[in-house]
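Listed below, chain by chain, are the residues.
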Amino acid sequence: MAAQETSQSATFRHAFGNVLSFAVLLLIGVMAFSIRLFSVIKYESVIHEFDPYFNYRVTQFLTKSGVYDFWNWFDDRTWYPLGRVIGGTVYPGLTLTAGTLWWILNSINIPLSVETVCVFTAPVFSAFASWATYLLTKEIKGAGAGLTAAALLAMVPSYISRSVAGSYDNEAVAIFALIFTFYLYIKTLNTGSLFYATLNAIAYFYMVCSWGGYTFIINLIPMHVLLCIVTGRYSPRLYIAYAPLVVLGTLLAALVPVVGFNAVMTSEHFASFLVFIIIHVVALVYYIKGILTPQMFKVAVTLVVSVGMVLCVAVLAVLIALVASSPTKGWSGRSLSLLDPTYASKYIPIIASVSEHQPPTWPSYFMDINVLAFLVPAGIIACFLPLSDASSFAVLYIVTSVYFSGVMVRLMLVLAPAACIMSGIALSEAFDVFTRSIKFHLVGTTQNPQDNAGDATKVTQNDVKSEKSEDTVKERSSRKSKKDKENIEKPSLVSRVEKRLLVLPLETSVMAVFLLVLLGAFYVVHCVWAAAEAYSAPSIVLTSRSHDGLHVFDDFREAYAWLSHNTEVDDKVASWWDYGYQTTAMANRTVIVDNNTWNNTHIATVGTAMSSPEKAAWDIFNSLDVKYVLVVFGGLVGYPSDDINKFLWMVRIGGGVFPHIKEPDYLRDGQYRIDSQATPTMLNSLMYKLSYFRFVETDGRGYDRVRNTEIGKKHFKLTHFEEVFTTHHWMVRIYKLKSPRNRIRGKTKRSKSSLQKSGTSPSSKRSTRKRNPWQ
Amino acid sequence: MNRLRRDLSLLFIFGFFTLFSNVCSDLVISKLDRQIDLSSQIVRFTTSLKLENNGVEAVSKVLLPYPENQAKNLAFLLVTITEGKGKTKTSSDRLPVDVIHPEGMPSLTWYAVSLPKELSKGGSLTLEVKAVFTHLLTPFPEKITQADAQLVAFQDSAHYLSPYAVKVQSLTVKLPEPKVESYTKLENTKFSGSEIKYGPYENIPPFSLPTIIVHFANNKPFSVAQELVREIEVSHWGNVQVTENYNLIHAGAELKGEFSRLDYEERPHVRGASALRSLVARLPARAHSIYYRDEIGNISTSNVYSDSVKTLLEIEPRYPMFGGWRTAFTIGYGLPLQDFLFKSEGKRFLDITFGCPMNDMVIENIYVKVVLPEGSKDISVVAPFPSKETREAKLSHLDIAGRPVVVLEKKNVVPEHNQNFQVYYRFSSLSLLREPLMLVFGFLLFFVACIAYVHADLTISKSSSSYIAKLQWDEVQTAIQQFQNIMNRVLVIHNKLDASLRDLSRTGDVQACKAARKTADAFLKELTKELKPLLSFLQSSPQALHIVAKVEELVVKEKELQEKVMLKHSMVVDSYEKKSGGKDIDNRIAAVQQKITLLRQEVDDLLEVIDEI
């Protein structure tokens, strides 16, 4: 009887542990989902920012027209008159995912709108991502570390910033795909199972579908493979983990239209092919080593090395030729700026003008990963005790992602999972040591604790050494006997025993546990704060708290709603490219340029128009069939990211293609200003005029609350444009191009007045007219 | 102006009418009083006619003609019989009205009012006709700037259009403001306050129609919903959800030229006088979960005021609406079921208003969709006015067959249509439980499937090496579990021995302690026997290679531990028999005890390690 009871209790304990970790995982998923709902609760269930609006629009098209139309979709409502082939230029992972979700929900009669599905895709996938983190960390360091890492990832601010409800962007899905691909790679590495290798290739395919960041995977995994080979850790498992991934993965990646032949043509992928060759050579060497006697092997080595050198040189030459033949040396601009952080700002203003492509500042590390930054080193140390294939991968992952995050703020997102995994390992190991020593002390209270501790530590040191040597011996022997399971479990067992003997004094461990819990609590508080305050604003609705309560600035949607209801369906709206996606998605009007900055010349044309005087701008816009011009102006309410603050980028990008726009013309002594000291070119530019038209009449002196100055040119009339709509807080102003008949009348008026005032402007006008790029 | 006149001249071709009027000239209108209310975009005619039958035959029908341009915009026609005057005035129920089309009358539409009892010779009665028209006011000029006031023109005839002779008649036109741009001056015309009076005119022959045109400022926004879809969804869980999709246009004079926010904000009542700023929806009391949004998200400019009779929802469109501007939005609210759903004769019926809750809004096309719960039968609709009725089905949460939907369609709806209509249907209360039960069964099936999956052996090839290895591994695991059991039991026996020692120190009963020792010995022997086959199995099994070492270590440690425990036991018992002091005993066994604790710790750890395999 007693025996049965004890046996039952053991199985119960086992089952209880499983159920407990399952419940914990479930709760982690719920937390990951719900912490991202602040944006819905504080604001509303709406798509955020810029790119998500495009993704939302594509998803709408997908759900309406089906997959085949989606692949062949030529979008004529953007990049007028060029248009854009959507199917071939987007990463379809996100839209296909959300579209499938929507389709499944609707086919079981749950009538959720496409918008709702899109809004909640990111939170759902962050729950998946934390589960994937659990799996990955479990493969590296056991279930405890896995759970801790999953909990940390569920609320890491860096990831929250990209995956709050409504932030319907590629990253939301891609981070899950990234972690899951890594998990499957490690799983394959640990088990040597071809099944997992195939799954790995499929996960990699999903990642390629989702985000351009897949190049990180296809470079990191070869790096790890190379590291393993160099450190003498080559094994058949490594081969199985890598070779199918490269072959299948590349084939699958080439299926994605946006990648296509890039999967074999661009140099981002060459590292993987190189390592593919190397691993085959190494595999061959190991094979030959196995069948030859040592002497024969030596002879063979000398033979092969001489032949191999020749081959290598040939292959390298081909590679270099391929790389050199492509215009950017085979690297895309964004990737190049990863390697050389100053590349973009030097050569491609369009990439540099995006704030998320700038290098981060130190506070942003603290903001985005918080205490994890301090735990990461401990995690790295824990990964070296003992170093396995899996933990070496984790170390490599963190090191590379730290470098990349230092180059571009956006890639902080790639760092976050690595930091979580490392911190999870660190925390879990630390708790392991501390709780065990507490347990040891509590059990051994009958004796003198100090004696005990001293003994134990002595024992430990001896044991550690002996067991470590034992460990390596065993590992090698097991490798030879090809008992894979054994190999995974042995080190963990040994390390466990070893740790158990690391005993700290009771007070220290209790204190340390307390401090760790405090640290964790601080992290949680910070994350909740970040989720609630910092990262949940949808950016199309702004709020401000004043003494008389909450004030809502809903100007963007006001303007888009006006455009969508009160202009013709085929009217073209010109604005700076930031607002392109929103205009097509919310106002359903054709735009000239949008956030997919694929055609620099086109953007430069709009930039040129915005920086030109009225007449020249009218000519450019008219030649583009533009009917309305939309500008964003924050001077009345103090909204800092308005068009006047972005204006220098327009000048720079415009000047990059049309040299008659010169940046110094807009700067007074190298300073950008809009007050009375501003240059005449600046004060006559279209952007200035459209932003400040009749602004002086609001308060009598034209005080700009963003720039904190009075504007330079206060009273002026528009001759070629007329104001048709201005939102409640003046944040969006829409102008209509006057028809040519009116323009002539205006022109005659203007020329009369300008003759009286100054004689310089007509001549400059005439000269700019000739430079109009569209004539 | 020219266009208006032309319309009129086209309409009234008198030749026909004189011919026709002779036919029905038995009736005479002895007194006629017309009031035209032009104070909003909706034009309301209130006409009271005193009829006398001078003919020979009794009359059962009264004909009311309207010119085509009015008839096509006629939204609502209500005819009642009134009796008495002033305070004692009472009115009957509405009389049935039919449209008739006498031949050869192309430009007039005739409405025949059936009287409840025939009007006999020489009898008289007073009819009150209330007619509501939309789109009768024409903006003139058609396009205005932001600063201009919205001027509209209204045309009608000064005399009542009637097939009957009218003895005395008068007309009052009520304007929104005591100002008028221009109006047609006839004899007996008086303009006072905000009213223009024509008449009284006496003995006007039928179909004599002098045109009047009134041109005046009407800055009321002309909010016209080109389409309104009201979806009323009944849930027997206690809620009636109403969703209204508006497609709104400001149908007044179109805005031309610029819209300047500056001017609008500075002097809103001059620059933008006719703009549609806000709408007030009068919702039923206890309306809850009210929302107001459009396709790109929530619209934050709204307020709710509620009291015990009504809930007022004040909404502002995203932007002030000028003439010709459009917008679209959705409002939705929930209502408590018990206020609107009733039972009668075994049937349930929903009793809810038809029209839209907005004041002064004209709806060109309304679609009222009543979504009944899935499984409703015998559906019938009772509406106070004719409307086109169709049926469809809607698939929503957890539906299989779909919910029956009654669609009522009507054109030209005005606030006068805000009357209740009823939808009767049968619904079994048991059907309510269908969806929860579906969920319960769904999850049950899922769990059963999970259980089945876990317990079923889905291996295709029973002879593959990995499958055999797995089977062997299972065996090893059971063996280890048995092994653990035995170990645990051994430890329990150790504890019992310890307990017996404690008993001994308390009671001093050496015999009992010895007896405990004996039984423990016996048990331990038995267990060692049980252990042997397990150990040999584990040693022989190739799958258990890496565990065997641990297991053997554990066995050794346990043996050691057992010895020490026995040693301690005999020492203590011995010393008790020798009656040595408590301290003495403690000193003697201290060394042993320390070892025991250490060993016990190690054994526990090993057990745990094995447990984790």
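As annotated in an unreviewed UniProt entry, chain B carries the name Dolichyl-diphosphooligosaccharide--protein glycosyltransferase subunit 1 and comes from Salvia splendens. Per UniProt, chain B carries the Sequence similarities (unreviewed entry) text "Belongs to the OST1 family." For chain B, the Subunit (unreviewed entry) comment in UniProt is given as "Component of the oligosaccharyltransferase (OST) complex."

A. Examining the interface of chain B and chain A more closely. With 42 residues of chain B at the interface, the matching set in chain A holds 44 residues. Summing both sides of the interface, chain B and chain A together bury roughly 4100 Å²; the carbon and sulfur share of this comes to 51%. It is Arg 261, Leu 262 and Ile 296 of chain B that lose the most area in chain B upon contact with chain A, and together they represent 16% of the buried surface on that side. Linking chain B with chain A are four salt bridges, by the criterion used here. Ionic pairing is found between Glu 115 of chain A and Arg 293 of chain B, a salt bridge with its closest N-O pair at 3.3 Å. Across the chain B-chain A interface, the total number found is 17 residue pairs in polar contact (both at pLDDT 80 or more). The set of elements that each furnish at least two residues to the side of chain B that touches chain A consists of helix H4 (261–266), strand E21 (288–294), strand E22 (297–298), strand E25 (326–336), helix H6 (465–507), helix H8 (545–577) and helix H9 (582–612) of chain B. Examining the composition of the side of chain B that touches chain A, we find that eight residues originate from one element, H9 of chain B, more than from any other. Its residues assigned to classes, the side of chain B that touches chain A comprises nine nonpolar, 16 polar and 17 charged.

B. Quick peek at the UniProt feature "transmembrane region" (unreviewed entry) in chain B. Under the UniProt annotation, the feature "transmembrane region" (unreviewed entry) is placed at residues 437–456 of chain B. With 95% helix and 0% strand, residues 437–456 of chain B has end C-alpha atoms that lie 28 Å from one another.

C. View of the confidence of the model for chain A. For chain A, per-residue confidence averages 81 on the pLDDT scale, and 83% of positions sit at 70 or higher. Between residues 746–775 of chain A, whose pLDDT stays under 50, and residues either more than four places distant or in other chains, the model counts 23 contacts.

D. Just the state of the cysteines, in detail. Residues and elements named next belong to chain A. All chains considered together, the criterion is met by zero disulfides over all chains. Of all cysteine sulfurs, the one in Cys 420 lies closest to Cys 527, which takes part in no disulfide; the gap is 8.4 Å. Its relative accessible area of 0% is what places Cys 527 among the buried residues.

E. View of the pattern of salt bridges. Residues and elements named next belong to chain B. Inspection of every chain in the model, using the stated rule, returns 50 salt bridges over all chains. In this structure, Asp 156 and Arg 34 form a salt bridge, with 3.0 Å as the shortest nitrogen-oxygen distance. Placement of Asp 156 in strand E11 (residues 151–157) and of Arg 34 in strand E1 (residues 27–37) is noted, with a sequence separation of 122 residues between them. As far as the burial class goes, Asp 156 and Arg 34 line up, both buried.

Analysis parameters
Residues numbered from 1 in each chain as written. Chains lettered and ligands numbered in written order. Predicted model: local features only at pLDDT ≥ 70, side-chain atom pairs only at ≥ 80, totals over all residues. Heavy atoms only, no water. UniProt positions renumbered as here; feature names shortened; annotations may be inferred. Contact = heavy atoms within 4.5 Å. Buried area = accessible area lost by both parts, 1.4 Å probe. Salt bridge = Lys/Arg side-chain N within 4 Å of Asp/Glu carboxyl O. Polar contact = N/O pair within 3.5 Å; in protein donor to acceptor, adjacent residues only side chain to side chain. Helix = DSSP H or I, 4+ residues; strand = E, 2+ residues; numbered from the N terminus. Nonpolar A, V, L, I, M, F, W, Y, C, P; charged D, E, K, R; others polar. pLDDT = per-residue confidence, 0-100. Disulfide = S-S within 2.5 Å. Buried < 20%, exposed > 50% of the residue type's maximum accessible area, 1.4 Å probe, protein only.

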